[in-house]
Amino acid sequence: MTTAIVRARQPEATVRMGTVMSIPALLRSFGVDPEVVLGEIGCDVALFDDPDRRMSLAAHNRIVEHCAMRTHCPHFGLLVGQQDGLESLGLVGLLVKHSPDVGTALERLVRHLAVHVRGACARLTLTERLAILTWELYAPGLDAVELVGDGAIAVYCNILHELCGPDWRPAEVHLARRTPADTGPYRRFFRVPLRFDAEEFALLFPRRWLSHRLPPVD
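Values in this document were obtained by computation on a predicted structure and should not be read as measured data. (Residues numbered from 1 in each chain as written. Predicted model: local features only at pLDDT ≥ 70, side-chain atom pairs only at ≥ 80, totals over all residues. Heavy atoms only, no water.)

**Observations regarding the sheet that holds strand β4 (residues 120-126)**
In sheet architecture, strand pairing relies on hydrogen bonds along the backbone and comes in two forms, parallel and antiparallel. Pairing in this open sheet of five strands is mixed, and the strands run β4-β5-β8-β6-β7 from one edge to the other. The sheet is open, and its two edges are formed by β4 and β7 (194-195), each paired on a single side. Relative to strand β8 (residues 201-206), strand β6 (residues 172-174) runs antiparallel, the two being bridged by three bridges. Bridge pairing in β8 places E172 opposite L204. (Pairing = 2+ DSSP bridges. Helix = DSSP H or I, 4+ residues; strand = E, 2+ residues; numbered from the N terminus.)

**Considering unusual backbone geometry**
Of note in the backbone geometry, H72 takes a positive phi value of approximately 55 degrees without being a glycine. Of note, H72 is situated in the loop between α3 (57-71) and α4 (76-82). Residue classification places H72 among the exposed residues on the basis of a relative accessible area of 70%. You will see that D197, though not glycine, has its phi angle at about 55 degrees, which is positive. Among the structural elements, D197 can be located in the loop between β7 and β8. (Buried < 20%, exposed > 50% of the residue type's maximum accessible area, 1.4 Å probe, protein only.)

**Considering the packing of aromatic side chains**
The final tally for this structure, using the stated rule, is five aromatic pairs. Aromatic pair W168 and F205: ring centres 5.9 Å apart, planes at 70 degrees, arrangement edge-to-face. Taken together, the residues W168 in the loop between α7 (145-164) and β6 and F205 in strand β8 connect sequence positions 37 residues apart. Across the pair, F205 and W168 agree in class, each one buried. When the ring of Y186 is compared with that of F196, the centres are 5.5 Å apart and the planes differ by 85 degrees; the resulting orientation is edge-to-face. Here Y186, found in helix α8 (residues 184-190), pairs with F196, found in the loop between β7 and β8; they are 10 residues apart in sequence, far enough to count as distant. With relative accessibility at 1%, the residue Y186 sits in the buried group. (Phe/Tyr/Trp six-rings, centres within 6.5 Å; stacked < 30°, edge-to-face > 60°.)

**Some thoughts on helix α6 (residues 102-112)**
Turning to α6, its buried residues number three or more, namely V102, G103, A105, L106 and L109. Viewed end-on, α6 has its buried residues packed into an arc of 160 degrees, placing them on one side of the element. The inward-facing, buried residues of α6 contact α5 (91-97), β4, β5 (130-137), α7 and β8. Near the N-terminus of α6, the side chain that reaches the backbone nitrogen of G103, with its oxygen 3.2 Å away, is that of D101. (Arc of directions from axis to C-beta. Contact = heavy atoms within 4.5 Å. Polar contact = N/O pair within 3.5 Å; in protein donor to acceptor, adjacent residues only side chain to side chain.)

**Focus on the pairing of β8**
On a regular strand, one side chain projects to one face of the sheet and the next to the other, so that they alternate. Among the six residues of β8, five are classified as buried, and the element is accordingly described as predominantly covered. In terms of strand pairing, β5 meets β8 through six bridges, oriented antiparallel. Pairing of W135 across the sheet is with F201, part of β8.

**A closer look at α3**
Taking 1.5 Å of rise per residue, 15 residues should cover 21 Å, and α3 covers 21 Å from first to last C-alpha, within 8% of that figure. For α3, the complete set of buried residues consists of L57, A59, H60, N61, I63, V64, H66, C67, A68 and T71. Among the residues trailing α3, H72 stands out with phi positive, at a value near 55 degrees. (Expected span 1.5 Å × (residues − 1).)

**Describing the state of the cysteines**
What the rule picks out here adds up to zero disulfides. For C73, which is in no disulfide, the shortest distance to another cysteine sulfur is to C67 and amounts to 10 Å. Sulfur of C121: no disulfide; nearest cysteine sulfur belongs to C157 and is 20 Å away. (Disulfide = S-S within 2.5 Å.)

Printed below as a string of C-alpha cells:
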C-alpha cells in the first residue's frame, strides 16, 4: 500500500501594477517611446492604466530589467522606486496611513504587504537604538533582483518620509547588490552612508521614530 503525499500549492508570485505605474513616464523622460519599448517584450502599455491589476513578479522584474537595458540606465529600478510611496501600495498604503504612530504603521506594512505583493516580504527588527526595515524577494528563479531591490528600498525611504515628515532621515542604507560603477544616483537620493554588497536590502533609522505620532486621517 502506498501513501500519496499532497503538497500545498504555493500561491503565484504576483504584484499590483501600482508599483510600476511610473514606468511609461520614465521611459518618455529618456526620450524613448514606452509603447515600442514595452511592446518588445509583449507588454501592452494599457496595462499601466489600472494600479490594482496584478502581474506576475517574473513579468514585473523582466519589465524593469528591459527598461534599464533600453535606456542604458543601470539604476532604473532606483528611479522607479523614487516615484512610489504609500499611494502605490493601494489598500495596504491606506491601512499604514491610518495608523496612530509610526511603529504601528510599519507593523501593519510588514503584516499585510502580501495584499500588495506575493513573493516578497518586509521585516522590522529592533536593536537597542535602531529600527531595521528589510525587504526580501523570496520567490525563486527571478531575474533583476538587484534592480527591484533598489526600488523597494527607495519606496521604504519615501514611506518613512511620508510618515515622519521632512526631519526624518535614515542612519544607513544597506543594498544587497554589487557596488555600481556610478554610485552618484544612490548617494544623491538617500544622502546617508550606503553599504553595498550587504547581506540584505535594509533601511536603518533611529528607533525613537517608532513612537512618532501620526496626524488623524479622515
